[in-house]
Amino acid sequence: DAGVIQSPRHEVTEMGQEVTLRCKPISGHDYLFWYRQTMMRGLELLIYFNNNVPIDDSGMPEDRFSAKMPNASFSTLKIQPSEPRDSAVYFCASRGPYSGNTIYFGEGSWLTVV
Amino acid sequence: TQLLEQSPQFLSIQEGENLTVYCNSSSVFSSLQWYRQEPGEGPVLLVTVVTGGEVKKLKRLTFQFGDARKDSSLHITAAQPGDTGLYLCAGADAGNNRKLIWGLGTSLAVNP
């Protein structure tokens, strides 16, 4: 079975540009999570969805960040405008109705804002 | 704010040595998970512990959940280079098990 698929794997962009990260969760999973990972702060939960509905976005740093999940198989995380401090690895993860608390991570999107 | 502290932060050992890493909190968790993350990849679940005092074994890895469900340890016997990676613990909030509280991890390097 395909795992969580993220794109792009790597992105380098200039400060002020819009960045869009994409995620396809595992088929049948009803929870989708967006995390950000840095050396200093570790893994931080940004937002999570249940059945495509945003449940908790308290981890979203500021208004420059937005996330959508238009259907069960696709989600985006957008940063506009991007800043150097947004440089991090962004992970998408999903969880199914029968997997308990087990969440499955994608390989991550490595973002560098210069 | 719930916090999970992991120690040590970094560990470099020789192949064949034993090691223990720790995950501590002042908060009670309904369950606790250990993940391993290899470079360039996302974390992968190793084990979930639920009951206070529970011990689980996964080949050379032994996981223990503290009696009060506030702390956990991971012991690796006869470490191998393939054990190299970042070991993360994550606690499920008793009030909302959809949100995991993450430690910063222990970065382990096992040298051949």
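Everything numeric in this text was worked out from a predicted model, so none of it was measured.

Q: Looking at this model, I keep getting lost on the overall build of chain A. Mind explaining?
A: What chain A contains, in helices and strands, is zero helices and eleven strands. When the helices and strands of chain A are read in sequence order from the N terminus, they spell out β-β-β-β-β-β-β-β-β-β-β. Rg of the C-alpha trace for chain A: 13 Å, near the compact-globule value of 13 Å for 114 residues, within the 12% margin. A total of 114 residues make up chain A; the buried ones form 51% of that total. Put simply, of all contacts in chain A between residues at least 6 apart along the chain, 53% involve residues at least 24 apart.

Q: Looking at this structure, how should I read the interface of chain B and chain A?
A: Accessible area lost on assembly of the parts is the figure often given for the size of an interface. Each partner contributes residues to the interface: chain B has 19 residues there, and chain A has 22 residues. In this assembly, chain B packs against chain A so that about 1,600 Å² is buried in total across both faces, 52% of it on carbon and sulfur atoms. The tally of links between chain B and chain A comes to zero salt bridges. Considering each element in turn, the side of chain B that touches chain A owes the most residues, six residues, to strand S10 (residues 96–102) of chain B.

Q: How do you make sense of the nonpolar core when you look at a structure like this?
A: The nonpolar side chains of soluble globular proteins are, as a tendency, buried together. Core analysis: the biggest nonpolar cluster contains 22 residues, and B:Leu19, B:Leu32, B:Trp34, B:Phe63, B:Leu74, B:Ile76 and B:Leu108 have the highest contact counts within it. Of all elements in the fold, only strand S3 (19–24), strand S4 (29–37), strand S5 (44–49), strand S7 (61–65), strand S8 (71–76), strand S9 (85–93) and strand S11 (106–111) of chain B reach the threshold of two or more residues within this core. Once you skip the residues sitting within four places of it in the chain, B:Leu74 turns out to touch B:Leu19, B:Thr20, B:Val21, B:Trp34, B:Leu61, B:Thr62, B:Phe63 and B:Tyr87. Grouped together as the second largest cluster of nonpolar side chains are 21 residues, A:Val19, A:Ile26, A:Trp34 and A:Tyr90 included.

Q: Just to check I follow, could you spell out the packing of aromatic side chains for this structure?
A: One pair of aromatic rings is described through two measures. These are the centre distance and the angle between the planes. Summed over the entire model, instances satisfying the criterion amount to eleven aromatic pairs over all chains. Taking the centre distance of 6.1 Å and the plane angle of 85° together, the rings of A:Phe105 and B:Tyr35 count as edge-to-face. Taken as a pair, A:Phe105 in strand S10 (residues 104–105) and B:Tyr35 in strand S4 lie in two separate chains rather than in one. Note on B:Tyr35: relative accessible area 0%, which makes it buried. In this arrangement the basic side chain of A:Arg95 is found over the ring face of A:Tyr31, its NZ or CZ atom lying 4.8 Å from the centre.

Q: What is the right way to read the sheet that holds strand S1 (residues 5–7) of chain A from this model?
A: What links the strands of a sheet is backbone hydrogen bonding, and the strands pair in either a parallel or an antiparallel sense. Residues and elements named next belong to chain A. The sheet built from four strands is open, its strands ordered S1-S3-S8-S7 with antiparallel pairing. Each edge of the open sheet is held by one strand with a lone partner, namely S1 and strand S7 (65–71). Sheet twist, expressed as the average angle between the axes of neighbouring strands with direction ignored, equals 15°.

Q: I'm lost on the sheet that holds strand S6 (residues 55–58) of chain B in this one. Help?
A: Residue and element names in this part refer to chain B. Taken in spatial order, the five strands make up an open sheet running S1-S3-S8-S7-S6, and their pairing is antiparallel. Sheet topology places strand S1 (5–7) and S6 at the edges, where each strand pairs with a single neighbour. When strand polarity is set aside, the average angle formed by the axes of neighbouring strands in this sheet is 15°. Inspection of the sheet shows S3 paired to S8 by six bridges, in the antiparallel sense. The residue of S8 that forms the bridge with tyrosine 22 is serine 73.

Q: Looking at this model, I keep getting lost on the layout of surface pockets. Mind explaining?
A: Over the atoms, a rolled probe matching the size of one water molecule traces out where space is still vacant. What the largest pocket holds in volume is close to 1,200 Å³. If you trace the largest pocket, you find 44 residues lining it, with A:Arg41, A:Gly42, A:Leu43, B:Gly103 and B:Leu104 closest to the centre. The biggest single contributor to the lining of the largest pocket is strand S5 (residues 42–50) of chain A, with six residues. Estimates place the volume of the second largest pocket at around 200 Å³. Among the elements of the structure, S10 of chain A together with S5 of chain B are those that each provide at least two residues to the lining of the second largest pocket. The class makeup of the residues in the lining of the second largest pocket is eight nonpolar, four polar and two charged.

Rules and cut-offs
- Residues numbered from 1 in each chain as written.
- Chains lettered and ligands numbered in written order.
- Predicted model: local features only at pLDDT ≥ 70, side-chain atom pairs only at ≥ 80, totals over all residues.
- Heavy atoms only, no water.
- Helix = DSSP H or I, 4+ residues; strand = E, 2+ residues; numbered from the N terminus.
- Rg over C-alpha atoms; globule rule 2.2 N^0.38 Å.
- Buried < 20%, exposed > 50% of the residue type's maximum accessible area, 1.4 Å probe, protein only.
- Contact = heavy atoms within 4.5 Å.
- Buried area = accessible area lost by both parts, 1.4 Å probe.
- Salt bridge = Lys/Arg side-chain N within 4 Å of Asp/Glu carboxyl O.
- Core = buried A, V, L, I, M, F, W, Y, C linked by side-chain atoms within 4.5 Å.
- Phe/Tyr/Trp six-rings, centres within 6.5 Å; stacked < 30°, edge-to-face > 60°.
- Lys NZ or Arg CZ within 6 Å of the ring centre and 35° of its normal.
- Pairing = 2+ DSSP bridges.
- Axes fitted to C-alpha atoms, helices over the stretch in contact; angles between N-to-C directions.
- 1 Å grid on protein atoms, 1.4 Å probe; cavity = no way out; pocket = protein on both sides within 12 Å on 5 of 7 lines; lining within 4 Å.
- Points joined across faces, edges and corners; volume = space filled by probe spheres on them.
- Nonpolar A, V, L, I, M, F, W, Y, C, P; charged D, E, K, R; others polar.

Structural measurements only, silent on function.
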